[in-house]
Amino acid sequence: MKHILVIGGGGIGERHIRCFLKTGRAKVSVCEVKRERLEYLKTNYPISEVFASFDDIDLARFDGVVIATPAHLHIPIAIRCAKNGRACLIEKPLSVNLDNVDELLKIVSGKKLTVGIGYVRRSLPSYKKLKKLVEEGIIGTLKMGRINLSQEYPKYRPDYRDIYYAREEMGGGCILDTATHGINLAQYYFGEIKDAIGFYDHLELEGVEVEDSSIITLRFGNKALVDIFVNQFQKPNITEIELIGNKGNLKYTVNGEIHQITFCNNDSNNWEEIAVYRFSRDDPYIFQANEFLDALEGKSPVSTDIIEAKKALSVALYIKSFQKERRKAV
């Protein structure tokens, strides 16, 4: 049984604790600076050990480390873990800038360490099935795509004003928080991103100044075009991907726990169901935890490695700079 250290015991850290335990393949310890939060986690989960300071931990005692802190802390923590030869699963995004990312890459490469980034959708068999269908040529040559990841964020995180989300320097705002998932999925299905444009704004959410809405367009090496649409105030909870080829279209839609893949190749607009899955909210993280544990055992690689995550971060940062630096058209 592997011993996993989770650094950061907030909402996402708690989910990692719960889901690694649910695999039945790991025991879990946690590091959290807030004493009250640490006591809560100790009371509610069979945690092996607790730590209030990362600096005091002997990392050699752990098989892997999950970094679930705000994004501006990811790289310094990951560098210390890498220097100590520890495998890491780093929550997305990789960071809030590119500072010291190459230093981490150099250490990871030199020590041949397993480092995965928590783009959790990539661990689900349904998204992998969609990739396989594209590779099998069911829609011909992939030409365009649409990705919509929108929801009423305050309903799911009513504390959004008090967490990382409210502060740009901590990775807040919809681009690094959510649109980065869309960028990563676009990489997965379309390949190397060659160009990007985008716009974003703070349209609705009260109590924050970060962007809550964005529209991003990506161009790929094969000239394919992809739109990524995100807002975090609308009432419907929408996750939808449409992949458009020269011989047909595939759609991936989420309705509660139901994940459905459908296909259409004619103007009847009758969409044929190809596959349907049911996942609880924890299931993606359980799949991701098992995938990380498999990587620790040398069975299979992680879904998103640090090189791909750096490229996704670079695109997200470029979008933020694009709007700030461009000249207005009118």
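In this text the structure is predicted, and so the values were computed from the model without any measurement. (Residues numbered from 1 in each chain as written. Predicted model: local features only at pLDDT ≥ 70, side-chain atom pairs only at ≥ 80, totals over all residues. Heavy atoms only, no water.)

1. Focus on the pattern of salt bridges
This model, assessed by the stated rule, comprises 24 salt bridges. For Glu-135, the salt bridge goes to Lys-131, with nearest N and O atoms at 3.8 Å. Placement of the pair is Glu-135 and Lys-131 together in helix H5 (residues 125–135), with a separation of 4 residues, close to one helical turn. Residues joined by salt bridges that share partners form a network here, namely Glu-14, Arg-15, Arg-18, Lys-22, Arg-37 and Asp-282. (Salt bridge = Lys/Arg side-chain N within 4 Å of Asp/Glu carboxyl O. Helix = DSSP H or I, 4+ residues; strand = E, 2+ residues; numbered from the N terminus.)

2. Considering the packing of aromatic side chains
With the rule as written, the count across this model stands at 12 aromatic pairs. Pairing Tyr-127 with Tyr-252 gives two aromatic rings, centres 4.2 Å apart and planes at 25°, and the pair type is stacked. A residue pair is termed long-range when its members are at least 10 positions apart, and Tyr-127 in helix H5 and Tyr-252 in strand S12 (residues 249–255) qualify at 125 residues. Overall, Tyr-127 belongs to the buried group, its relative accessible area being 1%. Residue class for Tyr-252 comes out buried when judged on its relative accessible area of 0%. Look at Tyr-318 and Phe-322: their rings are 6.2 Å apart centre to centre, the planes differ by 45°, and that puts the pair in the tilted class. You can see Tyr-318 and its partner Phe-322 sitting in helix H9 (residues 306–325), 4 residues apart, about one turn around the helix. Here Tyr-318 falls in the partly exposed class, since its relative accessible area comes to 38%. Counting every residue linked through ring pairs, the aromatic cluster contains Tyr-153, Tyr-160 and Tyr-165. A cation over a ring is seen here: Arg-80 above Phe-54, with NZ or CZ 4.7 Å from the ring centre. (Phe/Tyr/Trp six-rings, centres within 6.5 Å; stacked < 30°, edge-to-face > 60°. Buried < 20%, exposed > 50% of the residue type's maximum accessible area, 1.4 Å probe, protein only. Lys NZ or Arg CZ within 6 Å of the ring centre and 35° of its normal.)

3. Concerning the side chain of Glu-32
Along the chain, the position of Glu-32 falls in the loop between strand S2 (26–31) and helix H2 (35–44). Lys-34 provides the closest opposite charge to the buried, salt-bridge-free Glu-32, at an N-O distance of 5.6 Å. A polar side-chain atom of Glu-32 sits 2.6 Å from the main-chain amide nitrogen of Gly-9. There is a polar contact of 3.0 Å between the side chain of Glu-32 and the backbone nitrogen of Lys-34. Apart from residues no more than four positions distant in its own chain, Glu-32 is found in contact with Gly-8, Gly-9, Gly-10, Arg-37, Leu-38, Phe-51 and Ala-52. (Lys, Arg positive; Asp, Glu negative; His and termini not counted. Polar contact = N/O pair within 3.5 Å; in protein donor to acceptor, adjacent residues only side chain to side chain. Contact = heavy atoms within 4.5 Å.)

4. What about the pairing of strand S5 (residues 87–90)?
Alternating positions in S5 separate into two faces, Ala-87 and Leu-89 on one and Cys-88 and Ile-90 on the other, with burial throughout. Where strand S4 (residues 64–67) meets S5, 4 bridges bridge the pair, whose relative direction is parallel. If you follow Ile-67 over to S5, its bridge partner there is Ile-90. Between S4 and its parallel partner S5, the chain crosses via helix H3 (residues 74–83), and the hand of that crossover is right-handed. (Pairing = 2+ DSSP bridges. Right-handed = clockwise from strand over helix to strand, strands pointing away.)

5. Digging into the side chain of Ser-213
Turning to its location among the elements, Ser-213 is positioned in strand S9 (residues 213–220). Within the local environment of Ser-213, its side chain forms a polar contact with the side chain of Asp-212, the two groups lying 2.9 Å apart. Once residues within four sequence positions are removed from consideration, Ser-213 is found in contact with Cys-174, Phe-199, Tyr-200, Asp-201, Leu-203, Val-230, Asn-231 and Phe-233.

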